[in-house]
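Analysis of the macromolecular model
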Amino acid sequence: MTYETLIVETVGRVGVIRLNRPKALNALNSTLADELRAAFAAFEQDDGIGCIVVTGSEKAFAAGADIKEMAPRSFIDNFSANYMANWDSPARSRKPSIAAVAGFALGGGCELAMQCDLIIAADNARFGQPEITLGIVPGLGGTQRMTRAVGKAKAMDLVLTGRMMDAAEAERCGLVSRVVPLAELMDVAMTAAETIASMSLPAVMTAKELVQRAHELPLAEGLRFERRAFHALFGTDGQREGMQAFLEKRKPQFNRA
Ligand code: CAA
């Protein structure tokens, strides 16, 4: 498939999606959202892919939803179409994803990064939810995922003032897992993705699902769900190979089934 707004490639077992609307700082429009869904679906179905990296340019991961596309919309347009309800490909995907963020990750851009399972930021990254300055509120999870990620105090600060935070602050408050020099961003993100993709895929997909559930379930339910999943993985080739390799003092070779 050819894409208008994305550059999509496969590197070993890693699927790489680069947002590519440079003139609009990678603002998310309906075409980009549709293409993101198609790219994720293709990687999801591909047994050769174990992890997905989403990235942008050095200047912008994405500067938000496309304001030019949104400006003329009415309430009824949005309500009837359930606008943006399916702009959540990384969150829906059962395979893990890494957002490799350089430059602006604002509004829908910050929300897209938060839909990924972890965020690795370049030292020039800037995060924010500036929707309030446009007379609206975040619509792709900015009030919900941000609050769960960084807590109420910081989330209120960002969502109510619309200010940006730099990479160091984003790491301090737990939004991003690592901050690296801009020149090393893709190497670090790809190495992390390759590591994840080298594991047993059922274990990786289960681990992602379990950590996601930690945000949604009461602790007792989450612990029960985790134990069931832990039991179930003993039915996989991955468990047999992983433990046998440890006992034989060799590296495991997962066949991903
Ligand atoms: N939508 C559409 N176009 C955008 C855009 C966006 N979100 N962000 C930037 N652009 C465009 C600009 O209009 C400009 O295009 P033109 O040259 O045709 O005018 C181009 O990208 C370059 O932008 P700037 O000249 O503004 O670049 P800058 O370096 O001076 O500023 C910036 C960068 C601070 C990110 C600034 O562009 C900005 O504030 N952008 C908007 C950020 C924003 O408000 N995002 C939230 C959108 S709402 C949302 O996302 C809702 C949701 O929850 C889903």
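Residues numbered from 1 in each chain as written. Predicted model: local features only at pLDDT ≥ 70, side-chain atom pairs only at ≥ 80, totals over all residues. Heavy atoms only, no water.

Moving on, we come to the packing of helix H10 (residues 201-214) against helix H11 (residues 219-232). In a pair of packed helices, the angle between the axes and the distance between the axes together describe the arrangement. Where H10 contacts H11, the two axes come as close as 10 Å, and the packing angle between them is 175 degrees. Here H10 lies roughly antiparallel to H11, going by the angle between them. Contacts from Thr-206, Glu-209, Leu-210 and Arg-213 of H10 reach H11 at Phe-225, Glu-226 and Ala-229. Class assignment of the residues belonging to the contact of H10 with H11 gives a composition of three nonpolar, one polar and three charged. (Axes fitted to C-alpha atoms, helices over the stretch in contact; angles between N-to-C directions. Helix = DSSP H or I, 4+ residues; strand = E, 2+ residues; numbered from the N terminus. Parallel < 35°, antiparallel > 145°, perpendicular 65-115°, else oblique. Contact = heavy atoms within 4.5 Å. Nonpolar A, V, L, I, M, F, W, Y, C, P; charged D, E, K, R; others polar.)

Along helix H12 (residues 237-247), the positions that sit buried rather than exposed are Gly-238, Gln-239, Glu-241 and Ala-245. Lys-249, located one to two residues past H12, shows a positive phi value of around 55 degrees. (Buried < 20%, exposed > 50% of the residue type's maximum accessible area, 1.4 Å probe, protein only.)

Before going further, it helps to examine the pairing of strand E5 (residues 97-101). In terms of burial, E5 is a largely internal element, five of the five residues being buried. The alternating pattern of E5 places Ser-97, Ala-99 and Val-101 on one face and Ile-98 and Ala-100 on the opposite face, and all of these are buried. Here strand E3 (residues 51-55) pairs with E5 via four bridges, running parallel. Paired with Thr-55 across the two strands is Ala-100, which belongs to E5. Pairing analysis gives four bridges linking E5 to strand E7 (residues 118-122), with the strands arranged parallel. Following the sheet pairing, Val-101 is matched in E7 by Ala-121. (Pairing = 2+ DSSP bridges.)

Before going further, it helps to examine the sheet that holds strand E10 (residues 178-180). Backbone-to-backbone hydrogen bonds join strands into a sheet, with any given pair of strands oriented parallel or antiparallel. Pairing in this open sheet of six strands is mixed, and the strands run E1-E2-E3-E5-E7-E10 from one edge to the other. Both outer strands of the open sheet, strand E1 (6-11) and E10, are each paired with one neighbouring strand and no more. Going across the sheet, the axis of each strand differs from the next one's by a mean of 20 degrees, ignoring polarity. When strand E2 (residues 14-19) meets E3, the two strands line up parallel, connected through five bridges. Within the sheet, the bridge partner assigned to Gly-15 lies in E3 and is Ile-52.

What follows deals with the pairing of E7. Across the five residues of E7, four count as buried, placing the element largely inside the fold. Note: E7 against E10, three bridges, orientation parallel. Across the sheet, Ala-121 pairs through a bridge with Val-179, a residue of E10.

So, about the confidence of the model for the chain. Here the chain shows a mean pLDDT of 97. Residues at 70 or above account for 99%. Overall fold confidence (pTM) sits at 0.97, and the ipTM for the predicted complex is 0.98. (pLDDT = per-residue confidence, 0-100.)

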